[in-house]
Amino acid sequence: MRRVEIFDTTLRDGEQSAGVNLHLHEKLEIAYALEQYGVDIMEAGFPASSPAEFQAVKRIAKEIRNVSVAGLARSVEKDIDQAWEALKEASNPRIHIFIATSPIHMEYKLRMKPEEVVENAVRSVRYASRFFSNIEWSAEDATRSEWDFLAKIITQVIDAGATVINIPDTVGYTQPQEYVGLIQYLKEHVPNLYRVKLSAHCHDDLGLAVANTLAAIQSGVDQIEGTINGIGERAGNASLEEIGVALKVRQDHYQVETGLRIDQTIRISKLVSKLTGMPVPPNKAVVGANAFAHESGIHQDGVLKNTLTYEIISPEMVGLSSNKLVLGKHSGSHAFREKLTELGLKLKEEDILRLFSAFKELTGKKKEITDDDILALVVENANPGQKYEFNFLQVSYGSNMIPTTTIGMTTPLGEFKQESATGKGSVESIFNAIAKLVDEKIELLDYRIQSTTGGEDSLAEVYVKAKIGSMTTSGRGVDNDVLYASAKAFADAVNRAYMKRKIDEENSETVQDKGVIAH
Ligand code: KIV
Ligand code: ZN
């Protein structure tokens, strides 16, 4: 059977989603999970975009040995140099160079003539081939480009050394039959296309990313690109887990195979959702909470008689009912470690010990600890290092008084500080007190709260998105108490901004020292 390669871009196109701001160790956790999920290539980031991004790509390239690691680069030497610096230790490094080819992008964004774009693309691919033997080249906005121009530029970049040609539907504009038509056209009009792999990359602006990707597979592409849970710019990218399951359930129709381990689907979906703070809608195909819930009487009756009446995907297939171990207050460190392994988490010993004591504390407040609770704990406890930490939090609320918060925190430099502030509600007073304490201009862009499980002892999980100075960042907090969970989420957002600034400052010197920024 024909094998289609899976190129995951959760850590690059996915991380470009508004407000997503992952720490290095969170990116690594996702990278390990992607390796276990069986993707063939993972795009770890865009090294030239910031020193923190450079550092993350470099670390992932070093750690991940069984999957090809890719880095994005514009068609400029400086980006290619930085991509090489970041990727050179990877077991199979790939550079992903892109330039726009549609008339609107060339004229208004690049302000280049088509011939200049061709020249630039060829020059950058040639330059990259000094370092890389694995070169993916993307025609940004390919689906709104002129087909004959696309065929011409692709022919030339293949001659210059590209090994994979990607046809992105950058703005999610194309329709399945049209995309198939474009791929067929390129097969007929690019004489050297047989020498390279052809790839599809679809966005979901019209809700067609998965359909377009599946159509591309039917028209013979060798590689498809997407993200976990379909996260990404605007409406997002094609959902890899939906594609993986569709290819499995309808193998009779597609006649292709992938290296994806479908039984890891739910696990990786939950991990990405928790770490990015992007919730999965309950009705989302394959991974939504209701994807296996049969509500109507007729459906329930059918499923009880024979599950196949209404169930085309079994929960086991995607790893939903593989939760063998239920933890509680009698569970010891052995069971806890087993659970972490079962969830596919790869943690350092010191992190496991820290998590275990947080777990023990939780068992005093909650009877049954579910997988979602453990994931929430992992996310919550994932950011060690210098940061703002709570010493105390006191919130006064009454229906006839002004909500007031007093907080005491230790700063990253070890200094103790306290502040108080009021607000129109308790949450706002907490937020104002933290902003005052850290002495930053903070604009709250989003605040969301949900329970990790059902039941009155459930944990509250708070997600915030905030603009701190010029940086948009997110934060998460988990606690039995909704106000404390909110305070933790605000503090986490502040800590992320603090860490990012620190890394950018430290690394911009390192990268500049190596002379790879100044070109
Ligand atoms: O959607 C797109 O065009 C991209 C390119 C960078 C490949 O993500
Ligand atoms: Zn994209």
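Residues numbered from 1 in each chain as written. Chains lettered and ligands numbered in written order. Predicted model: local features only at pLDDT ≥ 70, side-chain atom pairs only at ≥ 80, totals over all residues. Heavy atoms only, no water.

A.B. asks: I tried to follow the site of ligand 1 on my own but got confused; where do I start?
C.D. replies: The full set of residues close to ligand 1 is Arg12, Asp13, Leu72, His96, Phe98, Ser138, Glu140, Pro168, Thr170, His201 and His203. In this structure, an oxygen atom belonging to ligand 1 sits 2.6 Å away from a side-chain N or O atom of threonine 170. For ligand 1, whose accessible area on its own is 260 Å², the fraction buried by protein is 95%. At the level of secondary structure, the elements contributing two or more residues to the shell around ligand 1 comprise α1 (10-14), β5 (94-100) and β6 (135-140). (Near = heavy atom within 4 Å. Polar contact = N/O pair within 3.5 Å; in protein donor to acceptor, adjacent residues only side chain to side chain. Areas by Shrake-Rupley, 256 points an atom, 1.4 Å probe, with all protein chains shown as cover. Helix = DSSP H or I, 4+ residues; strand = E, 2+ residues; numbered from the N terminus.)

A.B. asks: So what exactly am I meant to see when it comes to the pattern of salt bridges here?
C.D. replies: Oppositely charged side chains are able to pair whenever their charged atoms sit close together. For the structure on display, the rule yields 37 salt bridges. A salt bridge links glutamate 26 to arginine 496, with the shortest nitrogen-to-oxygen separation between them at 2.7 Å. Placement of the pair is glutamate 26 in helix α2 (residues 24-37) and arginine 496 in helix α18 (residues 482-513), with a sequence separation of 470 residues. Accessibility expressed as a relative area gives 1% for glutamate 26, which makes it buried. By relative accessible area, which is 2% here, arginine 496 ends up buried. Put simply, arginine 337 and glutamate 349 hold a salt bridge, and the shortest N to O gap is 2.8 Å. Here glutamate 349 lies in helix α15 (residues 349-363) and arginine 337 lies in helix α14 (residues 333-342), a separation of 12 residues in the sequence. Here arginine 337 falls in the partly exposed class, since its relative accessible area comes to 30%. Looking at glutamate 349, the relative accessible area reads 42%, which means it is partly exposed. (Salt bridge = Lys/Arg side-chain N within 4 Å of Asp/Glu carboxyl O. Buried < 20%, exposed > 50% of the residue type's maximum accessible area, 1.4 Å probe, protein only.)

A.B. asks: Got a minute to help me understand the packing of helix α4 (residues 77-87) against helix α6 (residues 114-128) in this structure?
C.D. replies: Two packed helices can be described by the angle between their axes and the distance between those axes. The contact between α4 and α6 brings their axes to 10 Å, and the two run at 25°. When the interaxial angle is binned, α4 and α6 end up roughly parallel. The way α4 lies across α6 gives a crossing that is right-handed. The residues of α6 that touch α4, namely those facing Glu77, Ile80 and Asp81, are Ser124, Tyr127 and Ala128. Residue composition of the contact of α4 with α6, grouped by class: three nonpolar, one polar and two charged. (Axes fitted to C-alpha atoms, helices over the stretch in contact; angles between N-to-C directions. Parallel < 35°, antiparallel > 145°, perpendicular 65-115°, else oblique. Left-handed = near helix turned anticlockwise from the far one by under 90°. Contact = heavy atoms within 4.5 Å. Nonpolar A, V, L, I, M, F, W, Y, C, P; charged D, E, K, R; others polar.)

A.B. asks: Would you mind showing me how to read the coordination of the zinc ion (ligand 2) here?
C.D. replies: Under ideal tetrahedral coordination, the four donors around a metal are separated by 109.5 degrees; under ideal octahedral coordination, the six donors are separated by 90 or 180 degrees. Around the zinc ion (ligand 2), the protein supplies Asp13 (OD), His201 (NE2) and His203 (NE2) as donor atoms, at distances of 2.0 to 2.1 Å. Of note, the donors binding the zinc ion (ligand 2) are all from one chain and are spaced D-x187-H-x1-H. Placement of the pair is aspartate 13 in helix α1 and histidine 203 in the loop between β8 (197-202) and α9 (209-218), with a sequence separation of 190 residues. Here aspartate 13 matches histidine 203 in class, with each residue buried. (Donors = N, O, S within 2.8 Å, 3.2 Å for Na, K, Ca; no water.)

A.B. asks: Would you take a moment to explain the nonpolar core for this structure?
C.D. replies: When a protein is soluble and globular, its nonpolar side chains tend to lie buried together. Residues Trp137, Ile154, Ile165 and Leu186 are the most contacted members of the largest nonpolar core, which totals 114 residues. No other element matches the eight residues that helix α7 (residues 147-160) contributes to this core. Beyond its immediate sequence surroundings of up to four residues, isoleucine 154 is in contact with Trp137, Ile165, Ile167, Leu186, Val190 and Leu193. In terms of nonpolar packing, the next biggest core, distinct from the first, is built from 27 residues, Phe390, Ile407, Val494 and Ala497 among them. (Core = buried A, V, L, I, M, F, W, Y, C linked by side-chain atoms within 4.5 Å.)

A.B. asks: Which parts of the structure should I look at to understand the pairing of β5?
C.D. replies: Consecutive residues of a regular strand have side chains that alternate between opposite faces of the sheet. Judged by how many residues are buried, β5 sits mostly within the fold: seven of seven residues are covered. On β5, burial covers both faces: Arg94, His96, Phe98 and Ala100 on one face and Ile95, Ile97 and Ile99 on the other are all buried. Pairing of strand β4 (residues 68-74) with β5 involves five bridges; the strand directions are parallel. Across the sheet, residue alanine 73 finds its bridge partner in β5, namely isoleucine 97. For the handedness criterion, the β-α-β arrangement of β4, α4 and β5 is classed as right-handed. Sheet topology note: the β5/β6 ladder contains six bridges and is parallel. By the bridge assignment for β6, isoleucine 95 is matched with isoleucine 135. (Pairing = 2+ DSSP bridges. Right-handed = clockwise from strand over helix to strand, strands pointing away.)

A.B. asks: Can you walk me through empty space enclosed by the protein in this structure?
C.D. replies: The probe, sized like a water molecule, is rolled over the atoms to show the empty space still left. What the rule picks out here adds up to one cavity of 30 Å³ or more. Quantified by volume, the largest cavity comes out at close to 40 Å³. In terms of lining, the largest cavity is formed by Phe431, Ile434, Ile442, Ala466, Ile468, Phe490, Ala493 and Val494. Among the secondary structure elements, those contributing two or more residues to the lining of the largest cavity are α17 (426-438), β15 (460-468) and α18. Sorting elements by how many residues they give to the lining of the largest cavity places α18 first, with three residues. The residue makeup of the lining of the largest cavity, split by class, is eight nonpolar, no polar and no charged. (1 Å grid on protein atoms, 1.4 Å probe; cavity = no way out; pocket = protein on both sides within 12 Å on 5 of 7 lines; lining within 4 Å. Points joined across faces, edges and corners; volume = space filled by probe spheres on them.)

A.B. asks: How should I be thinking about the domain arrangement of the protein in this particular structure?
C.D. replies: Per the domain assignment, the segments of the protein are domain 1 (2-276), domain 2 (293-369) and domain 3 (389-506). Contacts between domain 1 and domain 2 engage 13 residues on the former and 13 residues on the latter. Across the domain 1 to domain 2 interface the summed buried area is about 1,000 Å²; carbon plus sulfur atoms make up 66%. Its largest share of buried area at the contact with domain 2, domain 1 owes to Glu29, Ile266 and Arg267, together 39% of the area lost on that side. The interface formed by domain 1 and domain 2 holds zero salt bridges in total. Inspection of the domain 1/domain 2 interface yields four residue pairs in polar contact (both at pLDDT 80 or more). (Domains from an automatic or database assignment. Buried area = accessible area lost by both parts, 1.4 Å probe.)

A.B. asks: Could you clarify how one ought to interpret helix α10 (residues 240-249) in this entry?
C.D. replies: Counting along an α-helix, one turn takes 3.6 residues, and residues three or four places apart therefore face a common direction. Counting buried residues along α10, seven of its 10 residues qualify, which places the element largely inside the surrounding structure. Along α10, the residues that are buried comprise Leu240, Glu241, Glu242, Ile243, Gly244, Val245 and Leu247.

A.B. asks: Is there a simple way to think about unusual backbone geometry in this case?
C.D. replies: Residues apart from glycine generally show negative phi values, whereas peptide bonds are mostly found in trans. Phi angles above zero are rare outside glycine, and aspartate 141 is one such case at about 60°. One can find aspartate 141 in the loop between β6 and α7. Taking relative accessible area as the criterion, aspartate 141 reaches 0% and is therefore assigned buried. A positive phi is found at asparagine 229, a non-glycine position, where the angle reads about 65°. Relative to the helices and strands, asparagine 229 resides in the loop between β9 (223-226) and α10. Since its relative accessible area comes to 10%, asparagine 229 is described here as buried.

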